[in-house]
Amino acid sequence: EAGVAQSPRYKIIEKRQSVAFWCNPISGHATLYWYQQILGQGPKLLIQFQNNGVVDDSQLPKDRFSAERLKGVDSTLKIQPAKLEDSAVYLCASSYRNTGELFFGEGSRLTVL
Amino acid sequence: AQRVTQPEKLLSVFKGAPVELKCNYSYSGSPELFWYVQYSRQRLQLLLRHISRESIKGFTADLNKGETSFHLKKPFAQEEDSAMYYCALNGYGQNFVFGPGTRLSVLP
């Protein structure tokens, strides 16, 4: 079974530029999560999707972050414009149901200069 | 509000010594608790969950609702146990909340 796929693995941008991350969850997993993990901290949930609907985006900085999962499968997370404090690893995870085990991707490491 | 705390950022033990990684949570209800692990250069993965009540790689964790704790234990640490360990809580229908993590270093 293929795992959660994320791209790109690494991205370096200057502040005020934009960036997009892509995630393809495990086939059949209805729930998809985007987490932000800043160095030395635990993962912090940004947004949770159930199929193509948003379940929780209370911690998503909506003035600069956006995410979509249009067909209920893969998802993109966009940051525009980026700030220095957005430097982090962006983790995508999926689960078969929203109370089950989370399967994580390898993450996308963003460095904002 | 859901919250998970892990008081130790770093825990160092010698090989063969017992290990206990502490986790406390706050949640007004009956949550589902998990321990996730991240070995060097690997993705975050599930180690164990409280409802399965099983031992994985020699690790066990018991949910203590009175103390709101879910400490991870292993009687004899191995060098391959060195990793980052995250305690996580899922409050049924709410999001997964992770603790800040504890880095376990098992010394030879």
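Structure: see above.
Per chain, residue numbering runs from 1 following the sequence as it is written. Chain A is the first chain written and ligand 1 is the first ligand written, with later ones labelled in order. In keeping with the predicted nature of the model, local features appear solely for residues at pLDDT of at least 70, side-chain atom pairs appear and are counted solely at 80 or more, and the whole-chain, interface and lining totals rest on all residues. Excluding hydrogens and water, the side-chain values take into account all heavy atoms of the structure.

### Considerations on the overall build of chain B
Working step 1: Each helix and strand counted, chain B has zero helices and eleven strands in total.
Working step 2: Strands are runs of DSSP state E lasting at least 2 residues, helices are runs of H or I lasting at least 4, and numbering of each runs from the N terminus. Its helices and strands in sequence order give chain B the pattern β-β-β-β-β-β-β-β-β-β-β, from N to C terminus.
Working step 3: For the radius of gyration, the atoms used are the C-alpha atoms, and the globule rule reads 2.2 Å times the number of residues raised to 0.38. Taken over C-alpha atoms, the radius of gyration comes to 13 Å for chain B, in line with the 13 Å a tight globule of 108 residues would show.
Working step 4: Each of the three principal axes of chain B carries a C-alpha extent, and together these read 40 × 30 × 25 Å.
Working step 5: When each of the 108 residues of chain B is scored for burial, the buried share is 46%.
Working step 6: Computed with the Shrake-Rupley method and a 1.4 Å probe, the accessible areas treat only the protein chains shown as cover for residues. Looking at chain B as shown, the accessible area adds up to about 5400 Å², and 50% of this sits on carbon and sulfur atoms.
Working step 7: In this tally Asp and Glu are treated as negative and Lys and Arg as positive; neither His nor the chain ends contributes. In this description, the location of a charge corresponds to atom NZ of lysine, CZ of arginine, CG of aspartate or CD of glutamate. Charged side chains of chain B number 13 positive and 9 negative; the gap between the two group centres comes to 6 Å. Burial here depends on accessible area, computed with a 1.4 Å probe over protein chains only, as a share of the maximum for the residue type. Under 20% is buried, over 50% is exposed, and the range in between is partly exposed.

### Some words on the state of the cysteines
Working step 1: Here, two cysteine sulfur atoms that lie within 2.5 Å of each other are counted as a disulfide. Enumeration according to the criterion identifies two disulfides over all chains in this entry.
Working step 2: One disulfide in the model links A:C23 with A:C92; its S-S distance is 1.9 Å. The sign of the S-S torsion, about -70°, decides the handedness of the disulfide formed by A:C23 and A:C92: left-handed. In this pair, A:C23 is assigned in strand β3 (residues 19-24) and A:C92 in strand β9 (residues 88-95), connecting sequence segments 69 residues apart. In this pair, the class of A:C23 matches that of A:C92, namely buried.
Working step 3: Two residues, B:C23 and B:C87, share a disulfide whose sulfurs are 2.0 Å apart. Every disulfide takes its handedness from the sign of the S-S torsion; for B:C23 and B:C87 that torsion is -65°, giving left-handed. Of this pair, B:C23 sits in the loop between β3 (19-21) and β4 (24-26) while B:C87 sits in strand β9 (residues 83-90), and the two are 64 residues apart along the sequence.

### A word on empty space enclosed by the protein
Residues and elements named next belong to chain B.
Working step 1: The rule is simple: put a 1 Å grid over the protein atoms alone, call a set of points where a 1.4 Å probe fits but cannot get out a cavity, call an open set with protein on both sides within 12 Å along at least five of seven lines a pocket, and count a residue as lining if it has an atom within 4 Å of a point. Grid points are joined across faces, edges and corners, and a volume is the space filled by probe spheres set on the points. Within the structure shown, the criterion is met by one cavity of 30 Å³ or more.
Working step 2: In this structure, the largest cavity spans a volume of roughly 30 Å³.
Working step 3: In this structure, the largest cavity is lined by H50, R53, A61, D62 and L63.
Working step 4: In this count, Pro and Cys sit with the nonpolar residues alongside Ala, Val, Leu, Ile, Met, Phe, Trp and Tyr, while Asp, Glu, Lys and Arg are called charged and the others, Gly among them, polar. A per-class count over the lining of the largest cavity returns two nonpolar, one polar and two charged.

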